[in-house]
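For reference, the chains in residue letters:
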Amino acid sequence: MDDNRISTAAGLYIHVPFCRSKCAYCDFYSVTDVGRIDGYLEALSLEMELYRGFAPVFDTVYMGGGTPSCLPADRLADVLARLRSAFPVSPGSEITVEVNPGDVDTACLERLREAGFNRVSVGVQSFDDAILTTLGRRHGGREGREAVDAARRAGFDNLSIDLIYGVPGQSPEGWRETMESALAVNPEHLSCYELTLERGTPLHRRVEAGQLTLADEDEAYGFFSATSEFLEGRGYIHYEVSNFARTGALISRHNHKYWDHTPYLGLGPSAHSFRGCRRWWNRRDLPRYISDLRAGRAPVDGQEELSQEQLRMEALYFGFRTKRGIHGPAFRERFGMDLLREEGAALRGLRDEGLIRLDGEVLTPTRRGLALADRLCLL
Ligand code: SF4
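None of the values given here were measured: they were computed from a predicted structure.

The rules we used
Throughout this description, residue numbers start from 1 for each chain and increase along the sequence as written. Whole-chain, interface and lining totals are the exception, using all residues; otherwise, since this is a predicted model, local features are given only for residues with pLDDT of at least 70 and side-chain atom pairs are given and counted only at 80 or more. Each helix is a run of DSSP H or I of at least 4 residues and each strand a run of E of at least 2, with the numbering of both proceeding from the N terminus. C-beta atoms are placed from the backbone for every residue, and two residues are taken to be in contact when these atoms lie within 7 Å. Using a C-beta atom placed from the backbone, a residue is described as near a molecule or strand when that atom lies within 6 Å of it. Following the grouping adopted for this structure description, the nonpolar residues are Ala, Val, Leu, Ile, Met, Phe, Trp, Tyr, Cys and Pro, the charged ones are Asp, Glu, Lys and Arg, and the polar ones are all others, Gly among them. For our purposes the nonpolar core covers buried Ala, Val, Leu, Ile, Met, Phe, Trp, Tyr and Cys residues that link as a set through C-beta atoms within 7 Å. A residue is called partly exposed when the number of other C-beta atoms within 10 Å of its own lies between 12 and 20, exposed at 12 or fewer, and buried at 20 or more, with C-beta atoms placed from the backbone. By this definition, two strands are paired if DSSP reports at least two bridges between them. Note on geometry: axes are lines fitted to C-alpha atoms, helical ones only across the stretch in contact, with angles between N-to-C directions running from 0 to 180 degrees. Helix span, as expected, comes to 1.5 Å for every residue beyond the first. Orientation labels follow simple angle bins: below 35 degrees gives roughly parallel, above 145 gives roughly antiparallel, 65 to 115 gives roughly perpendicular, and whatever is left gives oblique. With the far helix as reference, a near helix turned anticlockwise by less than a right angle produces a left-handed crossing, and one turned clockwise produces a right-handed crossing.

Draft legend 1. Spatial organisation of the environment of A77. With respect to the helices and strands, A77 occurs in helix α2 (residues 73-86). Each residue touching A77, except ones within four places of it in the same chain, is listed here: R111, L112 and A115.

Draft legend 2. Quick look at the site of the ligand. Taken together, C19, K22, C23, C26, F28, S30, G65, G66, T67, N100 and G123 make up the full set of residues adjacent to the ligand. Taken together, the residues of the shell around the ligand sort by class into 4 nonpolar, 6 polar and 1 charged.

Draft legend 3. The nonpolar core, seen in detail. Of all hydrophobic cores here, the largest spans 80 residues; its most connected members are L12, V120 and A151. Residues contacting V120, with those up to four places away along its chain left out, are V97, V99, L109, A151, F156 and L159. Core analysis: the second largest hydrophobic core is formed by 10 residues, L339, L350, L355 and I356 among them.

Draft legend 4. Layout of the sheet that holds strand β13 (residues 326-327). Across the sheet, which stays open at both edges, the 3 strands sit in the order β13-β15-β14 with antiparallel pairing between neighbours. Looking at which strands have only one partner, the edges of the open sheet turn out to be β13 and β14 (356-359). With 4 bridges connecting them, β14 and strand β15 (residues 362-365) associate as antiparallel partners. Across the sheet, residue D359 finds its bridge partner in β15, namely V362. Against the sheet, helix α14 (residues 344-352) engages β14 and β15, with an angle of about 120 degrees to β14.

Draft legend 5. Here's a closer look at helix α5 (residues 141-153). Compared with an ideal rise of 1.5 Å per residue, which puts 13 residues at 18 Å, α5 spans 18 Å between its outermost C-alpha atoms and is within 8% of the ideal. Those residues of α5 that fall on the buried side of the exposure criterion are G141, G144, A147, V148, A150 and A151.

Draft legend 6. Local environment of the environment of L372. Mapped onto the elements, L372 comes out in the loop between α15 (367-371) and α16 (373-376). Separated by 131 residues in sequence, L372 and V241 place their C-alpha atoms 9.1 Å apart.

Draft legend 7. Representation of the packing of α2 against helix α3 (residues 106-115) in the model. Viewed as axis vectors pointing N to C, α2 and α3 meet at an angle of 10 degrees, and their least axial separation amounts to 9 Å. Classified by the interaxial angle, the pair formed by α2 and α3 is roughly parallel. Viewed along their axes, α2 and α3 form a crossing whose handedness is right-handed. Here A73, D74, L76, A77 and L80 of α2 come into contact with α3, specifically with C108, R111, L112 and A115.

The structure is reproduced here in structure tokens:
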């Protein structure tokens, strides 16, 4: 997909709520009780039935979690086959599966590719064993290298690698070595996240107790800009705050649905969905998720109807987080607001601070603007 073309087909997200163990920084919903896999898969099929007719066509499927690779490849293949019979997934769709190092080998990844997954996202996080230990990951750097090599051997030609920076004890040099190691397989896509800690996670408790120190604002910006400079220098497009693609065609189509207000359906515990101006989210509770569906109820935990003003704020927020930026005429048509006329002084101020570029009627964030994207929507 060209990075300026917006698909209006819907996206489909499946949350697989299992992990072999919990990482020290993670706040995503997952359980380690793999004995519940059968109940989950049965409930997932019931949930698919509830949402038949959600959209005329889907062109992305994303199986994330949790850790999808906690399930055997045959079972993931079966879920994909069921999705395809329940929903109109168009030919040529982007179909991603997340896997963790230590879970997958070449044979397993070949099976996933045969089943129709055409993009794999490997949760490497770091190639440095000490950093992986701090993060509480189950695998070492060697398993990370083996997983990405196995993905290539299995024939995946759309490979994404997840990495984390700003980890206590991580030096700028160590981070650069991790990026260098990732580039050894020439990945089509990289997601580089700053470590942020949610309250209640073990790593947060250690930081609160003074046992570890998190990067301060200046250090975090140092990591961010070094990442952007390094990867752009190697030819990657820094297309969103944390995301890099080798070409415009390799930008994650699925992620863009979240940023464009394109409809998406999320299935599985804690998954979020969006259509029109309504957003809803499922229970973060696997037993309740299963019992709701067995009783014929949607396992929805909450919902919100977004006003035009809220949608407008979100469009600004998401627009300033992506290289695509905000297209003035499209914004005017959608929200009836001439940004340049009504917010001209504020926008010129942001431009003068070096946070955005104004190119005719198109506003795009600079590298510094991407780092401070949350601030830019406060117009
Ligand atoms: S980071 Fe990934 S593997 Fe670790 S607990 Fe969270 S979802 Fe599971």
